[in-house]
Amino acid sequence: MGRSLGVNSVHVVHETIDGETILIHLGTGTYYNLEGAGAEVWNLLAAGTDEARLLEAAYERYDGDPEPIAEALSTLVDELVGEGLLVEADAAVASEAQRLPAGRVPFTPPVLGVYTDMQEFMLVDPVHQVDEGAGWPHVKPA
Amino acid sequence: MSSLPERALSEFFERAEEEFAEVVTRTELVERELHFAGQRVSVHMAGAELARTLMGALAARTAEREVPRLQLSSDGIPASISVWEESGRPQGALPVPWREEDIGPGGLVGRPGDHRIVAVHQTGYGAVTLVDRSSRRLLHRVPESRRVPWWERAAPLRPALFWALSGEGRVLVHAGVVGDGRGGVLLAGASGSGKTTVALAALLHGIGYVSDDYVLLETTPGLSAHSLYNVISVRPDPVPTAHSLYNNAKLDLGHLKRFPALAGAVIHPPAEASGEKAVLDVKAAMPGAVRDHLPVRAVVVPRIQGGRTRVGSISPVQALLALAPSTVFQMPFDEGKALGSMGQLTRQVPCFSLDVGDDQTELGEAIDHVLEQVAA
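Rules and cut-offs
Residues numbered from 1 in each chain as written. Chains lettered and ligands numbered in written order. Predicted model: local features only at pLDDT ≥ 70, side-chain atom pairs only at ≥ 80, totals over all residues. Helix = DSSP H or I, 4+ residues; strand = E, 2+ residues; numbered from the N terminus. Expected span 1.5 Å × (residues − 1). Buried ≥ 20, exposed ≤ 12 C-beta atoms within 10 Å, placed from the backbone. Arc of directions from axis to C-beta. Pairing = 2+ DSSP bridges.

A. Quick look at the environment of Glu335(B). With respect to the secondary-structure elements, Glu335(B) resides in the loop between helix H8 (316-330) and helix H9 (337-348). Placed 17 residues apart in sequence, Glu335(B) and Gln318(B) show a C-alpha to C-alpha distance of 22 Å.

B. Quick peek at helix H1 (residues 6-24) of chain B. All names here are of chain B. Across its 19 residues, H1 extends 27 Å between first and last C-alpha, which sits within 8% of the 27 Å expected from 1.5 Å per residue. Of the positions making up H1, those classed as buried are Leu9, Phe12, Phe13, Ala16, Glu19, Phe20 and Val23. One face of H1 carries all of its buried residues, which in axial projection span an arc of 125 degrees. Opposite its buried face, H1 presents the exposed residues Arg7, Arg15, Glu18 and Ala21, each directed more than 90 degrees away.

C. Summary view of unusual backbone geometry. In the Ramachandran plot, Asp18(A) falls in the positive-phi region, its phi being about 50 degrees despite a non-glycine side chain. Positive phi is not limited to glycine here, since Leu157(B) has a value of about 60 degrees. When you line up the elements, Leu157(B) lands in the loop between helix H3 (150-154) and helix H4 (158-165). For Leu157(B), a count of 25 C-beta atoms within 10 Å corresponds to the buried category.

D. Geometry of helix H5 (residues 195-204) of chain B. All names here are of chain B. By the criterion of burial, H5 is predominantly enclosed, with nine of the 10 residues buried. Taken residue by residue, H5 has Lys195, Thr196, Thr197, Val198, Ala199, Leu200, Ala201, Ala202 and Leu203 as its buried positions. Count one or two residues on from H5 and you reach Gly206, which has phi positive near 95 degrees.

E. Layout of the pairing of strand S13 (residues 241-244) of chain B. All names here are of chain B. Judged by which residues are buried, S13 turns out to be covered on both faces: Thr241 and His243 on one side and Ala242 and Ser244 on the other are all buried. The sheet contact formed by strand S10 (residues 214-218) and S13 spans four bridges and is antiparallel. When the sheet's bridge partners are listed, Leu217 is paired in S13 with Ala242. Bridge analysis of S13 against strand S17 (residues 293-304) gives three bridges, and the strand direction is antiparallel. What sits directly across from Ala242, in S17, is Leu294.

Take a look at the structure:
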């Protein structure tokens, strides 16, 4: 039984268009994109599918040896967790088994596109300058 | 991020309202009525200097007299914003009830979910916005009017306007818009990507100007209402419409030198090497070229390149990658709804890349070319 995961909805917003997903992490200023199998897998995970069910669905969907598919998806999930896009969730909140799109397609290992160019922008208006004791309008000592 | 009890925010809202009422007794109350896309927002400011500081960029939205209007928002209640200075209270301003760890991305305090009261703390210069979502009353407190930074004067009250104007099918977007009778082109990209350079080049090419950085985007197909000579026209509007917020443009000094014809429009001339941008009053300089709103027929993603200007097709996701992050990072208040609206837009209209070259005439021609391609 794999991990039960969910979207880090406190900090992450996402949108899928024409089979491609864009993800934005509000806390870090980093944004991402996923294409092909990556976008399909993301949407399954975002719906609350745990890793075990994800693999079952992937074996149905993608042509290819199970082992490299499992390895590539495990790597992707680790990356998504590492970037703070997915977080551990209670198994109880995971939804019923979701499905990938119908039909079998060749498996291409997903690549998480990572964009950090907005991080500098995020620092222009930092949000953590408040003195913890006195509150606003007192600026925290440097 | 810790969770702040909603009760604490409700109590602070009430006390802040009392603070505003107290400050107003010591100074002049200046009231303005702003109109955006058929929506009315009343602004009540404690002090003439504060009003001058914040209302300059919104002059084009200020109604000179009451006009009949069609209220289309589902909530139906016009929003009101009360604005005052923390320095207006001699005994000192009320301290906020939250702590550093309560402040999240974009200055949002806590995680509002469906809470009635929402707070945004712009700690970059110390402004606080409080929103009562049920009554649509908003409070905006700044430390001191003379300490309001140039970028806030150029695009004032953004969090307050976000809450006042956003709703089902309406979202504030960080993008420019230019166009004419053929439709509008939405210029998408982060600060420094060339939105203003392209918008001003288009303006000097005879193309109308809505904005260089923030617009209210209406994405819900259906009816939209706009005042016209005191008469309301209602028409089916099948494409998203972009509405102007501020009547100015912000431009790096280096790029300003490309537009000598607009030198007279500069109302905030920054010192060399200050890092600040020049602010141009476009409405005052070329009133005939400024448009309140345009239907968006294309998304264009500029990129400062130098050399020749080039236009190419890009996918909806490529356009969304340029459009969405800077909007969502600046105004992450609606749990991703803005991202969905922007995704809808990029699916709905053709999207283009624009390599911004050195020749401003070429840039204007490029926008003209896009408008020709997408004209309805």
